[in-house]
Amino acid sequence: MEVLETLFQSDHSVASISDIDGSFPLHHCGRAEYLENNFLHKLMTIYPEALMQQNARGETPLILAVSLNASVPVLQEMLYRYPRAARISDSGGFYPVSLLWNSWVNVRKGATGQPVLSDDEAEVTEIVKRNRIQMKSVTGKGDLEGDLAIWWHKMEMLLRVSYHKTLRDALPNGKQWRVVHAAAGCDGCPPGVLHFAMKIEAGQCEEADEEGNLPLHVAAGAPPYIRQNFEKTYGSRIEMLVKKYPEASRKKNVKGELCLHIALRSGKTWDSGIKKILKAEPRGIKIKDTATGLFPFMLAAIGNKNPSSDEGRAQAEARARSKFNKSEWILMTEADQNKEIKAIIDNDQLMTLDTVFRLLLAAPSQLKGGIPKDNVESMYLINDNRILREKLRELSTEVHSMRRKEIDGGVGAERRVRFLDEDPNGDANESEHEEELEQNMQEVEAYLIQDMKSKKKEKGKKIEKFKKFYMKRSKRFKNFLRFGKHKK
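Computed from a predicted model, the values in this text were never measured in an experiment.

Calculation notes
- Residues numbered from 1 in each chain as written.
- Predicted model: local features only at pLDDT ≥ 70, side-chain atom pairs only at ≥ 80, totals over all residues.
- Heavy atoms only, no water.
- Phe/Tyr/Trp six-rings, centres within 6.5 Å; stacked < 30°, edge-to-face > 60°.
- Buried < 20%, exposed > 50% of the residue type's maximum accessible area, 1.4 Å probe, protein only.
- Helix = DSSP H or I, 4+ residues; strand = E, 2+ residues; numbered from the N terminus.
- Axes fitted to C-alpha atoms, helices over the stretch in contact; angles between N-to-C directions.
- Parallel < 35°, antiparallel > 145°, perpendicular 65-115°, else oblique.
- Left-handed = near helix turned anticlockwise from the far one by under 90°.
- Contact = heavy atoms within 4.5 Å.
- Nonpolar A, V, L, I, M, F, W, Y, C, P; charged D, E, K, R; others polar.

Draft legend 1. The arrangement of the packing of aromatic side chains in detail. Inspection of the entire model under this criterion finds eight aromatic pairs. Note on Trp151 and Trp152: the rings are 5.9 Å apart at their centroids and 45 degrees apart in plane angle, and the pair reads as tilted. Comparing Trp151 with Trp152, the two get one shared label, buried. Relative to Phe196, the ring of Trp152 has its centre 5.1 Å away and its plane inclined at 75 degrees; by these criteria the two rings are edge-to-face. With Trp152 in helix α7 (residues 147-164) and Phe196 in helix α9 (residues 191-200), the pair connects residues that are 44 residues apart, well separated along the chain. For Phe196, a relative accessible area of 3% corresponds to the buried category. In textbook terms, an aromatic cluster arises when at least three aromatic residues are bridged by ring pairs, as seen for Trp101, Trp104, Trp151, Trp152, Phe196 and Tyr234.

Draft legend 2. Structural detail: the packing of helix α5 (residues 96-105) against α7. In the contact formed by α5 and α7, the axes pass within 9 Å of each other and the chain directions differ by 165 degrees. With respect to their mutual orientation, α5 and α7 come out roughly antiparallel. Crossing geometry of α5 relative to α7 is assigned as left-handed. In this structure, α5 contributes Pro96, Val97, Leu100, Trp101 and Trp104 to the contact, and α7 contributes Asp147, Leu148, Trp151, Lys154, Met155, Leu158, Leu159 and Ser162. Grouping the constituent residues of the contact of α5 with α7 by class yields ten nonpolar, one polar and two charged.

Draft legend 3. View of the environment of Ala70. Secondary-structure assignment places Ala70 in the loop between α3 (61-67) and α4 (72-81). Residue Ala70 is classed as buried on the basis of its relative accessible area of 1%. For the pair Ala70 and Cys29, spaced 41 residues apart in sequence, the C-alpha to C-alpha distance is 9.0 Å.

Written out as structure tokens, the structure reads:
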């Protein structure tokens, strides 16, 4: 420590020099001893850009600080200066939140096969076992004490910055801090964190935020968590929240959105949450999305990201990496890596098609416009009646305006008097005029009805064409499942 301070005092530029791995001095300062004499604070003040730098392994100073079990003040200093670091992952797909979780409950091994935090695997295993027992006994926030309380305080800091993008007490737009919402919506947050947060703050599962979103709404729109091969399976965040509070599936947020619509727009498939949501609220399959006006099966067809895009491929690569140890992935040839990535992309496309098929299977009437057969005609008649009423109201207003001009004084009255003087049968002519106007109104009604019928017929042709297209896709999907290839 004294040597570092001497070097730093003699030349401040050393803070901006990286080593062969791309690590800056700040990457190695996560331990508590670097808080002495404000050394860490000085280092971040001289060269704050190091906080956003990733080394050859994709690690930021924050990620390494979490790996080194840095103290709360060290993490606070880093998060205050560069909040975005909480949403950056390393090359292995670990975010600070997932790294902190796995360092507490799992024996995470590195490329050499040894535990990351210690050379003694038996020691790490014993520590993890003790941590899990301690977490299992927790039933509320009052049960947090000792090392577990410190660890959870760090976790809440990372969740707060990841979800709200700030560590300050006053959150943006007057929002309140809700740890369950944050655990449900943070990118890279393990489902186990949400499971533990629900034990501590169980009431928040039924609490809506300022936008009317329950935790299930938040989880429905969040990116799926990529589970590493050594992690315990908790199930998806959607599955846990539906089980805890199934009524959330039928509640809408301020925008009038259901969890089902949010999940489909974010690319969720049948097995990644849609099945659970529909089981809790089957009526949602017949409701249109307020944002797009589309039925659920239409959202499923277009809601996922383009797998050929850079973002889609990056997600597929991260999922492919998670199936192997770091050393195994590095030793694979580029062709083998691309093969694994392509297999995941192809499977995603198949799951999207499967989701569309299952949604149509559950509500086939939507191919005819989404209205049950016995109610189609009545719905059209109701719509026709509404349009005709609006047209008649406009015509009645126009007629009333014409009559007022005839009755009122001025030029209108003079013309009316002249008209009556010149034609002794003026009253009769006026009566004929009203009859002609009434006849015109009837002709307008007939025209509008005919126009609506033609539009209805045109719409029926489009629906029939759409139905044939999806029935063809459905047939190809069945052949694929049966024969393993498309049968033309």
